[in-house]
Amino acid sequence: MSIPLLSTLIFFPVLGGLSLLAVDRQQTGTIRLMALFIALIEFALSLPVLLFFDKTTHLMQFVEHHRWIPALNINYSLGVDGISVLFLLLTTLIILLSILVSWEAIKDKVPEFFVSLLLLEGAMIGVFCATDFFLFYIFWEAMLIPMFLIIGVWGGPNRIYATLKFFLYTLIGSLLMLVGIILLYLNGGHTFDILRLAGQSYPLKLQLILFWAFFAAFAVKVPMWPVHTWLPDAHTEAPAAGSVILAGVLIKMGAYGFLRFSMPILPQATQAMMVPMLVLSVIAIVYGAIVCLVQTDLKRLVAYSSVSHMGFVTLGLFALNQRGLEGGILQMINHGVVTGALFLAIGMVYERTHTREIVHYGGLATTMPVFAGFFLLFTLAAVGLPGTNGFIGEFLILLGGFERLPWTAVVAASGLILGAWYMLWLYQRIFFNGVNERVQGLAELNLREILTLTPMVLLIFWIGLYPNAMLSFLHVSVAHLVEQVHGGGLGPMVGSVLQP
Amino acid sequence: MIEPVAVNWAAMEPVLPELLLIGVGVLLIGLDLFLPRQRQLLPWLTVVGCLAALAMVLGSRPVSAFGGMFFTDGYATVFKAICLGGAILTALMSESYRTVAGMRQGEHYSLMLFSLVGMLIMASAGDLITLYLGLELMALPIYAMVGLHKTDRRTSEAAAKYFLLGGFASALLLFGMSLVYGLTGTTDIARIGELIDTLHLATNPALLAALALLIAGFGFKVAMAPFHLWTADVYEGAPTIVTSFMSVAAKAAGFAVFGRVLLQGLPQLYDHWGPVLAVLAVLTMAVGNITALCQKSLKRMLAYSAIAHAGYALLGLLAGSAEGMAATMTYLFIYLFMNTGAFAVLMLLTRADGGGEGLDDCRGLATRSPMVAALMLVYLFSLTGIPPTAGFVGKFFLLKAAFTAGYTTTVVLAVIFSAISAYFYLRVVRYMYMSEPQQADAGPLCCSPGMLAALTLCLLGVVGLGLFPGPLLGWTTWILQG
C-alpha cells in the first residue's frame, strides 16, 4: 500500500478535531455537523482496511515503518493483523454513534466535547495499530486525557470522584507497565518492536515479573476482579457517549493488551499463570452477575454486567486454545456492540427523564413502544439468546474453557443463568408493570435516535446468524498466537468449530 | 607610567556571547535612565540580545579557552541554550507582568542579563574558580531580583531568606572546593579527575567530606532535598516572573556544574555519590510531590512541583553515564517549556492587587478563557508526564537511564511519586474545567503580544518535543558520547 492508511486513520480525527477549535464557539450547530462529518469520513476510511485485508496470513498488514527516536531504537511502526483489524471498525463505528447520541445531550462547552471525542478516537486507533511497544504506550496513555475530561466535565453529579478514580487507577497500572516495558527493552536486545520481542525467549523469572507488570495495566483496563471498582463509577457518571466508548472500545484494550503483548512475548509465564487468570475470570463472571441483581441504578447495573461479560472474555482468552481465543475476541466485539447499544439506549431515555433509578421507571413499553422493541433486542443479545451475537461468543468461550479446565465452564455457565435473571428482571421493571408518572407522555424515539441504534441491531443479527463474517478474520492469526504460546504446537491445536 | 593594557581580542572569541550580554545589560540600564519613555522597548531589546547570544552559542566552535578554565563544548552549549531560552521566554512574559505588578523596569532586565551571564559561565566552567565566579555572578543579581518589588513584604522576606541561605550554601561549596584543592593541588576539574587516580585519593576521607560538601552546595542550587527548604518560600515570595526564571534557568545552570564536577572531576567516587544521589532524588520527589498535594496556592504548588522535578532530573545524573546525563539535559530542555508555560498562565491569573495566585482562582477558567485553559491543560499534563506531551518522553529517558544503571527501586519509587503528582496537577484541571468561576463578573484574561508569543513557544516546545523528541535526544547523546 502506498497510501499510509493507518496513519491517516490515526491522524485524520486528531487534525479534524483540532480544526473544530478554529470555528466560532457560539456556532454549536456547525461544530456538531463538522464533528459528525469527520467521524463519517473516518468510518468510511476504516472500511478499506477490512475490505483489502488478507485473511490467509498472520503477518502484519498495511505496515508502516519510520525511524522516530534513533538514539533508543524507537520506531513509528504500525500494522494490523487478524486480532486487531476488527477493532478499527468497531472504534470508528462507536465514535460515530457517540457523536449522534450526544447531539442534544451536550450543551455546555460543546467544542471541547467533540474535540475530546475525536482526539480519543485517534488515540484508540493508534493503540490497535501500534507495533512498537513505546508507540503503543504513547497512545495508551494519551487516551487518558480526553477520557478524563469527558467523564469529569460532562458527567453526572458525582463525576469528579469517578473521573479521578478512573484516572489514578489507570495511571498507576500504566506506570507499572512502563517499568516493565523498560525492563523488557533492556533484556530483549534494546528494541521495542513487538514482533522481535516476541521472537526471543526470556528466563521464566523475568517473564513472570513482566507478566505481573503488564497485568497491572491490562487487568485494570479490562477490568478484572478485584481491580474493577473504578468501572461502575466511571460508567455511571460518564455522559452517554462516554459510557458507550468505555464499554465499546476502551475496556477492550486491556484484553487486547493480553493478546498482543503478554501472550506472544511471555508464553511460559502465560501458561504458568493460566489457572490464576481463569480463576479471576470466573470470579468476575459470577461476582459481577450477583452484584447486578442488587443494583438500583440503571447504568450501574449495566456497568456490573460489563464486569461479568469481560470475565467471559478473559476466560476465553486464558483458555489459550483456538476456540477460547476466538470466542474471547469475538465476545469483545459483541460486548462492544451490545453494551454500547444498551448505553446508547439508556442515554436516550436519560435525556428525557434525567433519572437513572430503576424504581423511577415502569411501563415504558406503553409510552415508548419502538424504544421498548430496540431495548428488548439488546437485552436478549446481552443474555446470549441463540440467533444473536452474544450466543456465538459465549458458546465458543464455554467450549474453550471446558476443553482447558472443565469446572471453569461449569461455573461460568451459571453466570449465564444469572445474566438472564438480572437482564430480564431489569426489562420487566422498566418496560412493564404500571406506568410510572415520571415516564408518562415521554416522546418516542426520533429519526436520529433510531438511526443511531439501527447499526447495532444489524451487527447483532449479522454476527449472530453468520459469525464467520467476523471469525474468518481471526482464524489464521489466532492459530499463530496459539502456536506462539504453546511453543510450536506442544498444546492442543484445534481448528475452529465454525470453520466452513 | 601606566602601560595601556593590551586586550587580545582574538582570545576573547569563546566568551563573545557573555560579553554581548553584558553590553546589552549596560545598555538597558542607560536606556532606562535616559530614555524613560522608551521603556516598552526593554523586553524586546532583551529578547534580541539573547537571540543573538543564542545564535553565537549554537555557532561556536568547541574550544578550551583561558588555559582550560572555560570550555565551549557541546555540554556547555546545551545548558547555555536552556538558560538563554529561559531568559527569552521570561523577557517575553515580563512585558505584561510589569504593567500589572508595577515593578521597576530597567533593573529587572539588566539584572536578569547579568545573572544570565553567570549561568553561561557556569555552563562553560572547566575550573572550580570559574565555576564559583559564575555561580556568584548568577546568584547576586537574583537576590536583588527576588526583592525588587520592595513594597511587598513577602518579596523582602524571600530575598533576605534566599540571600542568607544562599550565602551559607556558597560557603559549604567553597569549603568543599578548598578541600579538593588541598588534596589535589589543582582547581582544574578534568585534572582533579586524573590526580585522584594517580594519587590514590578515591578512599581518602577528606575527599569524601569534600564530596559531601559539594553535593550540599550544588543541591541547594538545584533545590534538592534536604537542601530545598528555602525553595517554597522564595519561589512563592518572589515576583512570579522571577520565580519562573529561577526555577528553570538557575536550576539548569546548577545541574550544569553539578554534572561537570561529578562526572568529570569525581567519576572515581561514583560508588559513593551514585547511591547518595539516588536516596536524595527519592527524598526530593517525595518532599516535592507530597507537599504539593496539600497546597492551596497555585504558586506554592508550582514551587513544590519544581522541587519534585529536580528529583526527576537527578535520576539521569545519578546514573553516572553519558546516557543518563543526556537524559537529564533533555529533560531540563523540556522542563523549560512546560514549567515556563505553567508560570505564564499563573502570571495571567495574577491580578493588580497581587491576588489571583490561589488554586481557587483557576475555577471556571475554561469558561472565562477557553484557550488559556486549554494551554494550561497541556502544560499540566506535560508536568504530570502523560503522553503525547514532552513531559512523558523526558521522564521516560530518565527512568530508562536510571534503570540501566541498576537503580530499580529508585525507578519504581519515581514512578509511584509520578502517579501521586497526577493528583495535584489534575486538581488544577478539575478547577479549570469542572467548576464555575468564583466571581461571576470575572471576564476573560487578556494576553499581551509578548505573553502570547511566550505561551505559543511553550506550547510548540511541549507538543513538538513530545512528538519529535528524536533530534533533541540524539543531539545530547551525541554530545556526550562523541
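What counts, and where the lines are drawn
- Residues numbered from 1 in each chain as written.
- Chains lettered and ligands numbered in written order.
- Predicted model: local features only at pLDDT ≥ 70, side-chain atom pairs only at ≥ 80, totals over all residues.
- Helix = DSSP H or I, 4+ residues; strand = E, 2+ residues; numbered from the N terminus.
- Rg over C-alpha atoms; globule rule 2.2 N^0.38 Å.
- Buried ≥ 20, exposed ≤ 12 C-beta atoms within 10 Å, placed from the backbone.
- Contact = placed C-beta atoms within 7 Å.
- Nonpolar A, V, L, I, M, F, W, Y, C, P; charged D, E, K, R; others polar.
- Expected span 1.5 Å × (residues − 1).
- Core = buried A, V, L, I, M, F, W, Y, C linked by C-beta atoms within 7 Å.
- Axes fitted to C-alpha atoms, helices over the stretch in contact; angles between N-to-C directions.
- Parallel < 35°, antiparallel > 145°, perpendicular 65-115°, else oblique.
- Left-handed = near helix turned anticlockwise from the far one by under 90°.
- Pairing = 2+ DSSP bridges.
- Bend = angle between axes of the 7 residues up to and from the residue.

Helix and strand counts for chain B stand at 19 helices and two strands. In summary, chain B has a C-alpha radius of gyration of 22 Å against a globular reference of 23 Å for 482 residues, a match within 12%. Counting only C-alpha atoms and orienting by the principal axes, one finds that chain B spans roughly 70 × 65 × 40 Å. Across the 482 residues in chain B, those meeting the buried criterion constitute 61%.

So, about the overall build of chain A. Across its full length, chain A carries 22 helices and two strands. Taken over C-alpha atoms, the radius of gyration comes to 21 Å for chain A, in line with the 23 Å a tight globule of 500 residues would show. Projecting the C-alpha coordinates of chain A onto the three principal axes gives extents of approximately 65 × 55 × 45 Å. Residues counted as buried form 61% of the 500 residues belonging to chain A. For chain A, long-range pairs separated by at least 24 residues make up 81% of all intrachain contacts whose partners lie at least 6 apart in sequence.

So, on to the interface of chain B and chain A. Taken together, the 27 residues of chain B in the interface contact 26 residues of chain A. Every element with two or more residues in the side of chain B that touches chain A is listed here: α15 (370–384), α16 (390–404), α17 (408–434) and α19 (470–481) of chain B. The leading source of residues in the side of chain B that touches chain A is α17 of chain B, at 11 residues. Each residue belonging to the side of chain B that touches chain A can be placed in one class, and the counts come to 20 nonpolar, five polar and two charged.

Turning to the environment of G373 of chain A, a few remarks are in order. Positionally, G373 of chain A belongs in helix α18 (residues 369–383). When the C-alpha positions of G373 of chain A and F431 of chain A are compared, they lie 10.0 Å apart, and in sequence the two are 58 residues distant.

Turning to helix α4 (residues 110–129) of chain A, a few remarks are in order. The end-to-end C-alpha distance of α4 of chain A, which contains 20 residues, comes to 29 Å, matching closely the 28 Å that a straight helix rising 1.5 Å per residue would cover. For α4 of chain A, the buried fraction is high: 20 of the 20 residues fall into the buried class.

We now examine the nonpolar core. Grouped together as the largest cluster of nonpolar side chains are 391 residues, with contacts concentrated most on M143 and A345 of chain A together with C83, M122, A253, L315 and A402 of chain B. If you tally residues by element for this core, the top one is helix α13 (residues 322–349) of chain B, at 20 residues. With residues up to four places along the chain from it excluded, the contact list for M143 of chain A reads L120, A123, M124, V127 and L250 of chain A.

This next bit is on the environment of D188 of chain B. If you trace the backbone, D188 of chain B turns up in the loop between α6 (153–184) and α7 (189–198). In this structure D188 of chain B touches G68, G126 and D127 of chain B, once residues within four positions along its chain are discounted.

With that out of the way, let us pick up the packing of helix α14 (residues 274–293) of chain A against helix α15 (residues 298–318) of chain A. All names here are of chain A. Between α14 and α15, the shortest axis-to-axis distance is 8 Å and the interhelical angle comes to 155°. By the angle between their directions, the pair α14 and α15 is classed as roughly antiparallel. Where α14 crosses over α15, the handedness of that crossing is left-handed. Within the contact between the two elements, α14 uses M274, M277, L278, S281, V282, A284, I285, G288, A289, V291 and C292 and α15 uses L301, Y304, S305, V307, S308, M310, G311, F312, T314, L315 and F318.

Turning next to the packing of α13 of chain B against α15 of chain B. If you want to describe how two helices pack, look at the angle between their axes and the distance between the axes. All names here are of chain B. Two elements in contact, α13 and α15, have axes separated by 9 Å at closest approach and are oriented at 145°. When the axes of α13 and α15 are compared, the crossing they make is left-handed. Along its contact with α13, which presents M338, G341, A342, V345 and L348, the element α15 presents V372, L375, M376, Y379, L380, S382 and L383. A per-class count over the contact of α13 with α15 returns 10 nonpolar, two polar and no charged.

Once that is clear, we can look at the pairing of strand β2 (residues 74–80) of chain A. Residue and element names in this part refer to chain A. Of all the seven residues making up β2, five are buried; the element is thus mostly covered by neighbouring parts of the structure. Looking at chain direction, strand β1 (residues 61–69) and β2 are connected through six bridges and run antiparallel. The residue bridging Q61 from the neighbouring strand is V80, located in β2. Hairpin connection from β1 to β2: four residues lie between these consecutive antiparallel strands, with N73 at a positive phi of about 60°.

Glancing now at unusual backbone geometry. Only a minority of non-glycine residues have a phi that is not negative, and only a minority of peptide bonds are not trans. The omega torsion of the bond from V222 of chain A to P223 of chain A falls at -15°, within 30 degrees of zero and hence cis. For P223 of chain A, the location among the structural elements is in the loop between α9 (204–221) and α10 (230–237). In this chain, A225 of chain B is followed by P226 of chain B through a cis amide linkage whose omega measures 0°. In this structure, P226 of chain B sits in the loop between α8 (205–222) and α9 (229–237). Within the chain, N73 of chain A stands out as a residue other than glycine whose phi angle is a positive 60°. Its place among the elements puts N73 of chain A in the loop between β1 and β2.

For the rest of this paragraph, the subject is helix α10 (residues 240–265) of chain B. All names here are of chain B. A rise of 1.5 Å per residue sets the reference length of α10, with its 26 residues, at 38 Å; its end C-alpha atoms lie 36 Å apart and thus fit the reference within 8%. Most pronounced at M246, the bend in α10 amounts to some 30°. Most of α10 is tucked away, with 25 of its 26 residues classed as buried.

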